[in-house]
Amino acid sequence: MRTWMHAGFYLLLAASAAQYAARHGLTDRAPLVLGVAGVLALVYSAGMLFPLPRKAWVIALLVVWLPLVFLAPSFGWCAVPVLFAALGEFSARTAIVLAVALTASVILAGLLRATTIDPSLILAPVAVTVIATAAFVQLAKARDELAVSQREAGVLAERQRLARDIHDTIAQGLSSVNLLLQAADRDWERAPERSRSYVRQAAGAARDNLAEARRVVAGLTPAALTEQPLTEALRELCQSTGAEFSTHGTPVALSTKTSVELLRIAQSALANVAEHAQATRTVVTLTFEPARVRLEIADNGIGFDPSAPQPGPGRGYGLEAMRDRAALIGGTLTVRSGDSLSTLVMVEAPK
């Protein structure tokens, strides 16, 4: 938009100069008029090329343009881009005052040079000013609405990111802490040493999840991926959750974004297995194919109906979050399960 406005200014300035030269020749006041027009072009160019204070630049344009339009009313057409510049830099009230002043100047300059009263000398500048101001107001309104929409989209995206990360990391960690403390409570009397071991594990899990919570808030890469590839991070995750892990194909380095989302999906799926599946065996498989990577989490638990899960109060975000994560890396998530059947969660994404 700015580029077209700048081009329009130079075209109008050149057209006004050409019209003046054609009507009056290059004698009499022509050198003065064309010289002032050249100064106006230089002032306008300075505002484009250098980081000048914008309000001071607009004022400089007005200081040069006003004498020019009284010397040669044909330069009144340059008022349109000058008006747009003023509208963009001043408050609405000040801009309206400037618009009225510019319009009045163009009308007065035309009337002073006219031999007869022509209504178009009054109506045309007023119409152009009204149209230009209305167009600018609409553009400004659209710009503001777009900015608000972008801010809201950014806030929503950040909320969704936090919700996914909290579900897949902190919620899983707190669930593990809860299970360990329950086990410690059951063995408190008959097996105190084992109970203390459970408490120590719970304390370690709490520390790890506190650190992970801080990373989630900061939007940082998960600790498990800071110094090792996805394969090793998944291997550690499986060791901590009692799942089996295997890889197929030739491992390649994946982007940080792809690695993070796949790790989070695995964390979420394994948390669901631990809490709902009643499984005795879980297998996590990472397969590298020529053009894509596939992650599978399979368990032999009781299964569920993926088309109609029945979560408890405040639950049920897991599958939705996993699908969102897969979509973020251009992949797809497939869930195969059923009552009294094992469950397979599979993610396929481009490398």
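Residues numbered from 1 in each chain as written. Predicted model: local features only at pLDDT ≥ 70, side-chain atom pairs only at ≥ 80, totals over all residues. Heavy atoms only, no water.

(A) Up close: the packing of helix α4 (residues 79-89) against helix α5 (residues 92-113). Put simply, α4 and α5 touch, their axes get as near as 9 Å, and they point 165 degrees apart. Relative to α5, the element α4 is oriented roughly antiparallel. Crossing hand, α4 versus α5: right-handed. Together, Ala79, Val82, Leu83, Ala86 and Leu87 of α4 and Ala95, Leu98, Ala99, Leu102 and Val106 of α5 make up the contact between the two elements. Across the contact of α4 with α5, the residue classes break down as ten nonpolar, no polar and no charged. (Axes fitted to C-alpha atoms, helices over the stretch in contact; angles between N-to-C directions. Helix = DSSP H or I, 4+ residues; strand = E, 2+ residues; numbered from the N terminus. Parallel < 35°, antiparallel > 145°, perpendicular 65-115°, else oblique. Left-handed = near helix turned anticlockwise from the far one by under 90°. Contact = heavy atoms within 4.5 Å. Nonpolar A, V, L, I, M, F, W, Y, C, P; charged D, E, K, R; others polar.)

(B) Representation of the packing of aromatic side chains in the model. Within this structure, the stated rule accounts for four aromatic pairs. For the ring pair Phe9 and Tyr10, a centre distance of 5.5 Å and an interplane angle of 75 degrees mean the geometry is edge-to-face. The class for Phe9 is buried, based on a relative accessible area of 0%. Judged by relative accessible area, which is 29%, Tyr10 ranks as partly exposed. Relative to Tyr44, the ring of Tyr10 lies with its centre 5.6 Å away and its plane at 80 degrees, an arrangement referred to as edge-to-face. Here Tyr44 lies in helix α2 (residues 30-49) and Tyr10 lies in helix α1 (residues 2-24), a separation of 34 residues in the sequence. For Tyr44, a relative accessible area of 1% translates into the label buried. The structure contains a cluster of three or more aromatic residues connected by ring pairs, namely Phe9, Tyr10, Tyr44 and Trp57. For Arg54, the ring lying beneath its charged end belongs to Trp57, and the centroid distance is 4.4 Å. (Phe/Tyr/Trp six-rings, centres within 6.5 Å; stacked < 30°, edge-to-face > 60°. Buried < 20%, exposed > 50% of the residue type's maximum accessible area, 1.4 Å probe, protein only. Lys NZ or Arg CZ within 6 Å of the ring centre and 35° of its normal.)

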